[in-house]
Amino acid sequence: MPHTALLRRVSALAVLIALPGLALAQSPQPAPQKAPAATPAANTPAAVPAAPAGPDTTVASVNGKPITQGDLAIAADDPALSLPGVDEAQKQNLLVDYMVDLRVGAQAAEAAKIGDTPEFKRKLAYFRDKLLLDDYLEQEAKRAVTPEAEHAIYDQTVKLMKPEEEVHARHILVDNEAEAKKIAARIKGGEDFAKVAAETSKDPGSKAEGGDLGWFTKERMVPDFANAAFAMKAGQVSDPVKTQFGWHVIKVEEKRTKPQPTFDELKEQIDQHLIRKAQQDLILKLRAEAKIVRPDAPAEAAQPAPETKKP
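Residue positions within a chain follow its written sequence, with the count starting from 1. Two thresholds apply to this predicted model, a pLDDT of at least 70 for residue-level local features and 80 or more for giving and counting side-chain atom pairs, whereas whole-chain, interface and lining totals are computed over all residues. Side-chain figures throughout are based on the complete set of non-hydrogen atoms in the structure, without hydrogens or water.

### Structural notes on unusual backbone geometry
Quick reminder of the rule: Helix and strand labels come from DSSP, where a helix needs a run of H or I of at least four residues and a strand needs a run of E of at least two; each type is numbered from the N terminus.
Positive phi, normally seen in glycine, also occurs at Asn-63, with a value near 50°. Of note, Asn-63 is situated in the loop between strand 1 (58-62) and strand 2 (65-68). Non-glycine residue Lys-113 carries a positive phi angle of around 65°. Secondary-structure assignment places Lys-113 in the loop between helix 3 (88-111) and helix 4 (118-144).

### Some details on the side chain of Thr-217
Under the convention used in this document: Buried means the residue's accessible area, taken with a 1.4 Å probe over protein chains only, is under 20% of the maximum for its type, while exposed means over 50%, and partly exposed covers the values in between. Here a residue-residue contact requires only that any non-hydrogen atoms of the pair lie within 4.5 Å.
Note on placement: Thr-217 falls in strand 4 (residues 212-217). Residue Thr-217 is classed as buried on the basis of its relative accessible area, which comes to 4%. The residues contacting Thr-217, other than those within four sequence positions of it, are Glu-164, Glu-165, Glu-166, Phe-230 and Lys-258.

### Observations concerning the nonpolar core
The criterion, for reference: We define the nonpolar core as a collection of buried residues of types Ala, Val, Leu, Ile, Met, Phe, Trp, Tyr and Cys that are connected through side-chain atoms lying within 4.5 Å of one another.
Ile-172, Val-174, Ala-180, Ile-183, Ala-184, Ile-187, Phe-193, Val-196, Ala-197, Val-237, Trp-247 and Val-249 together form the largest nonpolar core, which totals 12 residues. Breaking this core down by element, the ones donating at least two residues are strand 3 (165-174), helix 6 (177-188), helix 7 (193-200) and strand 6 (246-257). With 4 residues, the top contributor of residues to this core is helix 6. What Ala-197 contacts, discounting residues up to four positions off in sequence, is His-171, Ile-172, Lys-207, Gly-210 and Gly-211. Counting residues in hydrophobic clusters, the runner-up holds 11 residues, among them Val-167, Phe-216, Ala-229 and Met-232.

### Let's talk about the pattern of salt bridges
What counts is decided by this rule: For this document, the term salt bridge refers to a Lys or Arg side-chain nitrogen within 4 Å of an Asp or Glu carboxyl oxygen.
Under the definition given, this model contains 19 salt bridges. With a shortest N-O distance of 3.3 Å, Asp-71 and Arg-103 are connected by a salt bridge. You can see Asp-71 sitting in helix 2 (residues 69-76) and its partner Arg-103 sitting in helix 3, a full 32 residues away along the chain. Lys-255 serves as the salt-bridge partner of Glu-165, at 3.4 Å between the closest nitrogen and oxygen. Within this pair, whereas Glu-165 is found in strand 3, its partner Lys-255 is found in strand 6, the two being separated by 90 residues in sequence. Linked by salt bridges that have partners in common, Arg-186, Glu-191, Lys-195 and Glu-199 make up one network.

### Describing the sheet that holds strand 5 (residues 241-243)
As a reminder, the rule being used: One requirement defines pairing of two strands: DSSP has to find at least two bridges between them. Between the N-to-C directions of two axes lies an angle of 0 to 180 degrees, each axis being a line fitted to C-alpha atoms and, for a helix, fitted only over the stretch in contact.
Pairing is antiparallel in the open sheet, where 4 strands are placed in the order 4-3-6-5. Each of the sheet's edge strands pairs with one partner strand only, and the pair in question is strand 4 and strand 5. Shown here is a sheet whose adjacent strand axes are inclined to one another by a mean of 45°, direction ignored. As judged from the 10 bridges shared by strand 3 and strand 6, these two strands associate in the antiparallel manner. Its bridge partner lying in strand 6, Val-174 is registered against Trp-247. Docked against the sheet, helix 6 engages strand 3 and strand 6, running at close to 45° with respect to strand 6.

### Details of the packing of aromatic side chains
This is how it is decided: Stacked, edge-to-face and tilted are the three classes for Phe, Tyr and Trp ring pairs, Trp counted by its six-membered ring, which pair at centre distances within 6.5 Å; planes under 30 degrees apart are stacked, over 60 edge-to-face, the rest tilted. Two conditions define a charge sitting above a ring: the NZ of Lys or the CZ of Arg must be within 6 Å of the ring centre, and it must be within 35 degrees of the ring normal.
This model, assessed by the stated rule, comprises 4 aromatic pairs. Relative to Phe-127, the ring of Tyr-126 has its centre 5.1 Å away and its plane inclined at 75°; by these criteria the two rings are edge-to-face. Overall, Tyr-126 belongs to the partly exposed group, its relative accessible area being 44%. An aromatic cluster of three or more residues is present, and its members are Phe-216, Phe-225 and Phe-230. Against the face of Trp-215 rests Arg-256, its NZ or CZ located 3.9 Å from the ring centre.

### Brief notes about helix 9 (residues 263-289)
Operational definition: To estimate the expected span of a helix, count its residues, drop one, and scale the result by 1.5 Å. One axis fitted to the seven residues ending at a residue, another fitted to the seven starting there: the angle between these axes is the bend at that residue.
Taking 1.5 Å per residue, 27 residues should reach 39 Å; helix 9 reaches 37 Å between its end C-alpha atoms and fits that length. Along helix 9, the helix axis deviates most sharply at Gln-269, where the bend reaches about 30°. Residues Phe-263, Leu-266, Ile-270, Asp-271, Leu-274, Ala-278 and Leu-282 constitute the buried set of helix 9. If you follow the buried residues of helix 9, they end up packed against helix 4 and helix 5 (147-160).

As structure tokens, this is what we get:
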């Protein structure tokens, strides 16, 4: 969109202009000479920290028109102005510079009557509608995400979860059956599985961990591997098992029923579900209540008249 592209160009310009100053500010400076400590006067009141700036606090002005802290807060929410790794003081300075550039350019565009063109007015109406809808949906999202709603979804979700068996296993991957048989014989003869895995396994993902694959359910592994692992008992070492990746020697460490996820583990997903559902329901409700005319929509196929039975 031209408007967004312009903002990004202006934003990039402001950041690039400010970067040399930032680099200078971050470079080591000679330590200033310490002034002699002043002796506090008797009965001198302690300094009171400044109150935090409110949204109406003016931080700059352009041709007499103020830029407020609230203006900076809105600019800071613009994804195009994301400034990761920049501290708050530097970010404040960059945002002020950006808003100055924005106001200077906007005032010049207004003087050039850009805002009077039909195309600009259409864009303005579009972005106004979009901002109104975004804020309206955000309010709906806040109302939807309540502790009661979250826990209701969580209880419903865990109730529908079927118990699943999990295995904690290690494996060693090699290229051929003969090598796998030798490795299986070494381990069954008493050698430590993790040590042999670190020496011989071709699996880069688990070799450094002694072949440890952690806990997994059956569907997470290829069928031949999963069938062998889930048929074994804890502590058992397999004979060589062939898959499309090569030959495996498997050791099952533990078996258990997969624990249900906690509320905290699912909270983010639950919140997203509640937000999406509330917003979707709102839009569907508004559409149902509105009188919508679509001349471009295809006409519904004519329904055949019901047949009349002859006497």
